[in-house]
Amino acid sequence: MPLTTPRDLFVHELSDAMSAEQQILTMLPELQAEALNHELKEAFEIHEQETHQQLRNLEEVFRQIGESPEATTCYALKGIGDEHKALHQEQPSPEVLEMANLVGAAKTEHYEMAMYTGLVQMAKDLGHEEAAQLLQDNLDQEKAMAVRIEMLARELGKLQVQAMLAGSR
Ligand SMILES: [Fe+2]
Ligand SMILES: [Fe+2]
């Protein structure tokens, strides 16, 4: 179906967001398993629960606007997933893998922030105030997760560099 109106684009972008969240749900258990740090493991576990809620919010947005999701693939998340697979082929140490996963998680959260910022604006422009609030709830969770990830990346990065320096003495 050709996309010709802002509403068509809204439905398309919402469908893309659903695909992104579904892909993230399949990635989070692996990220949990690969996290050495307890706080990071816990952050991924909490975000898995939040992601389930975000998908329910997206389903509710579709219900409110009387549309159903298109079958579509979010290629941005597919790309981030491919990067994760490619890194595995480089035989990373568990510590390096954990740091790489933090970088990947930061990229993912920032992508999601841009995605939901656009969706909130489109919902408001189209007069879907309740839908805009649900999308804003998702955006707030992504922002909080991005902050958590950046904080953990700073802490763990520092510890790993210290360990590396201690080991080379
Ligand atoms: Fe999400
Ligand atoms: Fe997220």
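Values in this document were obtained by computation on a predicted structure and should not be read as measured data.

Tell me about the overall build of the protein, and please be specific about residues and values.
Across its full length, the protein holds five helices and zero strands. Helices and strands in the protein line up, N terminus first, as α-α-α-α-α. For the protein, the C-alpha atoms occupy an extent of roughly 65 × 30 × 20 Å along the three principal directions. Within the protein, the fraction of its 169 residues that count as buried is 28%. In the protein, the proportion of contacts linking residues at least 24 apart, taken out of those at least 6 apart, comes to 77%.

So what's going on with the packing of helix α1 (residues 6–34) against helix α3 (residues 75–88)? Which residues, and what values?
Two elements in contact, α1 and α3, have axes separated by 8 Å at closest approach and are oriented at 20 degrees. Looking at the two axes, α1 sits roughly parallel to α3. Remark: the crossing between α1 and α3 carries left-handed chirality. Contacts between α1 and α3 involve Ala20, Gln23, Ile24 and Met27 on the former and, on the latter, Ala76, Leu77, Lys78 and Gly81. Broken down by class, the residue content of the contact of α1 with α3 amounts to five nonpolar, two polar and one charged.

I'd like a description of the packing of α3 against helix α4 (residues 94–125), backed by residues and values.
Following both chains from N to C, one finds α3 and α4 inclined at 175 degrees, their axes separated by 11 Å at the closest point. Classified by the interaxial angle, the pair formed by α3 and α4 is roughly antiparallel. Contact with α3, carried on its side by Ala76, Ile80, Glu83, His84 and Leu87, involves Ala100, Gly104, Lys107, Thr108 and Tyr111 of α4 and no other residues of that element. Considered class by class, the residues forming the contact of α3 with α4 number five nonpolar, three polar and two charged.

How would you summarise the nonpolar core if you had to cite specific residues and measurements?
Core analysis: the biggest nonpolar cluster contains 31 residues, and Leu14, Ala17, Leu119 and Leu135 have the highest contact counts within it. If you list the elements that add at least two residues to this core, you get α1, α2 (38–65), α4 and α5 (129–168). If one sorts the elements of this core by residue count, α1 sits on top with nine residues. If sequence neighbours within four positions are ignored, leucine 135 has contacts with Val61, Tyr116, Leu119, Val120 and Ala123.

I'd like to hear about the environment of threonine 72, residue by residue, with values.
Residue placement: threonine 72 occurs in the loop between α2 and α3. If we skip the residues at most four places from it in the chain, threonine 72 touches Ser15, Asp16 and Ser19.

Outline the confidence of the model for the protein, listing residues and values.
Taken residue by residue, the protein gives an average pLDDT of 96. The fraction at 70 or more is 99%. When pLDDT is averaged over each helix and strand of the protein, the minimum, 94, is found for α5 and the maximum, 98, for α2.

Procedures and definitions
- Residues numbered from 1 in each chain as written.
- Chains lettered and ligands numbered in written order.
- Predicted model: local features only at pLDDT ≥ 70, side-chain atom pairs only at ≥ 80, totals over all residues.
- Helix = DSSP H or I, 4+ residues; strand = E, 2+ residues; numbered from the N terminus.
- Buried ≥ 20, exposed ≤ 12 C-beta atoms within 10 Å, placed from the backbone.
- Contact = placed C-beta atoms within 7 Å.
- Axes fitted to C-alpha atoms, helices over the stretch in contact; angles between N-to-C directions.
- Parallel < 35°, antiparallel > 145°, perpendicular 65-115°, else oblique.
- Left-handed = near helix turned anticlockwise from the far one by under 90°.
- Nonpolar A, V, L, I, M, F, W, Y, C, P; charged D, E, K, R; others polar.
- Core = buried A, V, L, I, M, F, W, Y, C linked by C-beta atoms within 7 Å.
- pLDDT = per-residue confidence, 0-100.

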